[in-house]
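Report on the structure
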Amino acid sequence: MSITLSANRGLQPALKVAPPAVPATVRDTLQGPPRPVDVLHALRRRWLWVVVLGTILPAIAMFVADRKIPVEYTAAAWLRVSLQRPKVVFETRDDDPLLRQRQTQATLITSNLVLNVALRREGIAQLPLIASKADPVQWLRQQIRVRFPGEADILEISMKGEDPRQIAEIVNAVKDAYMEQVVNVDRDFVLRRKNLLEQSYERTLDLVKKRSARYEELANAVGSSDSEVVRRKAITALETLADHRRRVNEIRRQIGGLDRKVSVLRARLDFLEKERPERSEEERRARDEAVIKQIVESGLAADPWLTAAAQRKSVLEAQLFEAKQRVVPGAEASTIRRLTEELQALEAAVAQRRAELEPGLTQYAREQLEKGRMGLPPTEAERIQGEIAAAELERAVLEDELKLALEQFEKEAADAERFGKYSADLEAERAEMERLKAIADRTGDELERWNVELEAPPRVVEFEPADVPRINNLPDKQRLVLFIGLTTLAGVVVVVVLGDYLLRPVSSTSQLAYGLGLPVIGDVPLLRRRWLPNTARAGKVSSDLRAVLTESVDQIRTTLLHRAERDGLKVVMVTSALAQEGKTTIAAQLALSLARAGRRTVLVDGDLRRPRVHRIFDRRLAPGLSEWLRGEANLTEVVQPTEFDLLHAVTAGHGDAAALERIAQGNIEELLARLREGSDLVIVDSSPLLTTADALILARRADGVLLSVLQDGSRLARVYEAAQRLRAVDVPLLGAVVHGSHFRRYRSYYRRYTIDVAPQPGSEG
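Residues numbered from 1 in each chain as written. Predicted model: local features only at pLDDT ≥ 70, side-chain atom pairs only at ≥ 80, totals over all residues. Heavy atoms only, no water.

Here's the deal with the overall build of the chain
For clarity, the cut-off: Per the convention used, a helix needs a DSSP run of H or I reaching at least four residues, while a strand needs a run of E reaching at least two, with both numbered from the N terminus. To sort residues, take the accessible area from a 1.4 Å probe on protein chains only and compare it with the maximum for the residue type: under 20% means buried, over 50% means exposed, and anything in between is partly exposed. In what follows, residue pairs with any heavy atoms lying within 4.5 Å of each other are defined as contacts.
Scanning the chain from terminus to terminus reveals 26 helices and 14 strands. Taken over 765 residues, the chain has a buried fraction of 38%. In the chain, once contacts between residues fewer than 6 apart in sequence are set aside, the share between residues at least 24 apart is 81%.

Considerations on the sheet that holds strand β3 (residues 73–81)
Note the cut-off: Strands qualify as paired when DSSP identifies two bridges or more between them. Working convention: axes come from line fits to C-alpha atoms, limited for helices to the stretch in contact. Angles between N-to-C directions cover 0 to 180 degrees.
In spatial order, the strands read β4-β5-β3-β6; together these four strands make up an open sheet with antiparallel pairing. In this open sheet, the two edge strands, each paired with only one partner strand, are β4 (145–147) and β6 (460–464). Each adjacent strand pair in this sheet contributes to an overall mean axis angle of 25 degrees, direction not counted. Of the strand pairs in this sheet, β3 and strand β5 (residues 154–161) are connected by eight bridges, and their pairing is antiparallel. Paired with L79 across the bridge in β5 is L155.

Some details on the pairing of strand β14 (residues 733–741)
For the record, the criterion: Looking down the strands as they point away from you, a crossover is right-handed if its path from the first strand over the helix to the second goes clockwise.
Of all nine residues in β14, nine are buried, a share of seventy percent or more. Judged from the five bridges that link them, strand β7 (residues 520–525) and β14 form a sheet pairing that is parallel. Counted as the bridge partner of G522 is V737 from β14. Handedness of the β-α-β unit built from strand β13 (residues 704–710), helix α25 (residues 716–728) and β14 comes out right-handed.

A closer look at the sheet that holds strand β11 (residues 647–650)
Pairing within the open sheet is mixed, and its eight strands lie in the order β7-β14-β13-β8-β12-β9-β11-β10. Edge positions in the sheet fall to β7 and β10 (639–641), since each has one partner strand and no second. Here the average twist between neighbouring strands, direction ignored, is 25 degrees. As paired strands, β10 and β11 are joined by three bridges and run antiparallel to one another. In the sheet register, V639 faces β11, and the bridge partner there is V650. Across the sheet, helix α18 (residues 583–596) touches β7, β8 (571–576), β9 (601–605), β11, β12 (681–685), β13 and β14, and the angle it forms with β12 is around 165 degrees.

Quick look at the nonpolar core
Selection rule: Nine residue types can take part in a nonpolar core, namely buried Ala, Val, Leu, Ile, Met, Phe, Trp, Tyr and Cys, and a core is a set of them joined through side-chain atoms within 4.5 Å.
Counting 48 residues, the largest nonpolar core has L512, L516, V604, L625, L629, V684 and V719 as its most contacted members. Looking at this core element by element, the count peaks at six residues for α25. Apart from residues lying up to four places away in sequence, L516 is in contact with V26, T29, L30, Q511, L716, V719 and Y720.

Quick word on the environment of M573
Mapped onto the elements, M573 comes out in strand β8. Residues M573 and D685, spaced 112 residues apart in sequence, show a C-alpha to C-alpha distance of 6.1 Å. Here M573 is in contact with V684, S686, A695, L698, A699, A702, G704, V705 and L706, once residues within four sequence places are set aside.

Section: the packing of aromatic side chains
For the record, the criterion: Any two rings among Phe, Tyr and Trp, with Trp reduced to its six-membered ring, count as a pair given centres within 6.5 Å; such a pair is stacked if its planes are under 30 degrees apart, edge-to-face if over 60, and tilted if neither. The rule is short: NZ of Lys or CZ of Arg within 6 Å of the ring centre and within 35 degrees of the ring normal puts a charge over the ring.
Tallied over the full model, the rule gives one aromatic pair. A centroid spacing of 6.4 Å and a plane angle of 85 degrees characterise the contact between F617 and F644, whose relative ring orientation is edge-to-face. Taken together, the residues span a long stretch of sequence, with F617 in the loop between α19 (613–616) and α20 (625–630) and F644 in the loop between β10 and β11 at a distance of 27 residues. Exposure remark for F617: the relative accessible area of 2% places this residue in the buried category. Residue F644 is classed as partly exposed on the basis of its relative accessible area, which comes to 23%. One Lys or Arg, K133, reaches over the ring of W139 and ends 4.7 Å from the middle of that ring.

Section: the environment of S576
Mapped onto the elements of the fold, S576 is located in strand β8. On the basis of relative accessibility, which here comes to 0%, the residue S576 falls in the buried class. Along the primary structure S576 and L707 are separated by 131 residues, whereas in three dimensions their C-alpha atoms are 5.3 Å apart. When sequence neighbours within four positions are dropped, the list of residues in contact with S576 reads E581, K583, P688, L689, L707 and S708.

A few points about a nonpolar patch on the surface
To be explicit about the condition: Like-charged residues are merged into a patch within 9 Å and nonpolar side chains (Val, Leu, Ile, Met, Phe, Trp, Tyr) within 5 Å, provided each residue has over 30% relative accessible area and no salt bridge. Reported accessibility uses the Shrake-Rupley method at a 1.4 Å probe radius. Residues are deemed covered only where the shown protein chains occlude them. What makes a salt bridge here is a side-chain nitrogen of Lys or Arg within 4 Å of a carboxyl oxygen of Asp or Glu, nothing more.
Taken together, the side chains of W47, L48, V51, V52, I56, L57, I60, F63 and V64 define a hydrophobic patch exposed on the protein surface, amounting to about 830 Å² of accessible area. Tracing the backbone shows W47 in helix α3 (residues 47–68).

Here we look at α3
Note the cut-off: Every helix has an expected span of 1.5 Å times one less than the residues it contains.
Taking 1.5 Å as the rise per residue, α3 with 22 residues should run 32 Å; its terminal C-alpha atoms sit 31 Å apart, in good agreement. By the burial criterion, the buried members of α3 are V50, G54, P58, A61 and A65. Lining the buried residues of α3 we find α2 (36–45) and α14 (474–503).

Rendered as structure tokens:
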């Protein structure tokens, strides 16, 4: 349930019913792509259109093509074109890459330069073919054809025209202009390039001489002409300079350390002189400990092993410092790692040795102190003064060493700068000289090759000039005209078939039964309108046609009688989707068949807009159904007998809006009820379903509906829509009757059935 909003009624519940799903077979029949059988049916239906249009349009197209396509001759000149420049022995580098391409050759031939030169040749511009053109160059570019047949090295210059002599002269003029403006210009260009190369070769030799002189000057300045030796000298000078720099920095560091040490000692000495306390017991003990420590240190310093270890440690520290200075920052060298490990091992051994000697030396110092064999150590102020004096002496020595180191450093720096500068200049001069020599060698080789290859044949050679052609394109024109005619015919067939398929008319009963799912209860042959009265009255109509029609309608009658007995059918309406689809024919013939079968039958003409029943049976039009609906006639007046026993007819009468309104109001139900009582079956011929509402109103009053379908006339979509409308109002669809099956279909089945009775012996006489 869903709620819909109405302007007049407010909120009302409304039930939305989804439309029924279309079966896949129906969807394919109505919307699917065409099949081969559909093409055959389209040709069967539209063969007259195909014949008429397929005769007229191809004839017109062939006539126009024959007039528009001229009979032409073709004149051609041939040139042998080498995409690679011909050579005697060597490969040269003077080949223009543009001339290696076939498309470039074709473009050059049709260029303005070549065509203008061709037109300026004697007699060419005065030819009638060219003189009549407003833009001869543009016209000539469109007419000249250039190609390489079979991708060979043969260039074809051709032109088509109706005058063989003129086109031959034009082709030869274009060929000669191309040879003059492109081929000869290309050779002149090669000679100019050779001259430029010779000038470049001479300039390069001069530069080589100048660079050689400069290189010799630099070699004499550094004492060697080998740049590698000079480079190694520069590296050695830089390494030596680095050693001196490290030595200067070390001396300066030591001097700075001594200055700081002297400053600290002087500050301590000043403090002692100003705030010196009285000596106490603790100071005496500290002094004793200092004496003991001094004795121990003296004893350790006298130990030979520790002395050797101290010297070895100094050497290792110096080597480690030098190795660290040589290594690139961030890298770890194996030498540094080895020296570090050896230094750590030595320090551990020294610590162990001191631990072994210190207890004995300490005991010895205490004993000596007790015996008084040693004098008192100096005071702290005396010791500080002594250290200051030693530090100043050491600083003076270091100052002298720094002066010497700086002098040596400046000397080494000057040597390193000189070697570095000359090494770079010498290497640059050597590289430039070698480069110039290589250029000179290549240029000289190229000149030697060109001197030889200038004797090679040209790139383009005339192979064959254009002669006056004697053969035209008449056979090709005839084939082309025929092809245009056949193409037009094929187009006509395609258009006609496509148009027919877009309409999708009913082609056979199988389309209705299997494609749309409609039951088909029979089919009848196609009848012309002028035959209908004669057929109804058994007039002058072919006996074969009458027999076929009778048998086909009787089949439908048999099915209808079976349904009538089983379902109690009394009123059967015959209708169609649209007008002129055979519903009146089916209704009339079915009523006749029922009368022949002994059934009391009434045929009602319910198509008030286009009545036909009165013409078929030659009855009066009024009074009829319209008069009865308006109350202008009674039942006995509107039911008319026919010339066939058991068959009566109710004609349409003079229909108007009032009669149609009475049908819409349901007044016809009374008439049908009275006809039910007085007859066995009532056949109602109604108006088409899709064009009027009368048919659906009558269908609701009937017990069943027969849907007339005109083969090759009714459209599948309209037939399916009509069936859906009947189902929408819950009207039983008895089935479809196909009207229009070809008469030849019945020839092998429906023959006049005759009985030949042979005479009995002795019956005569």
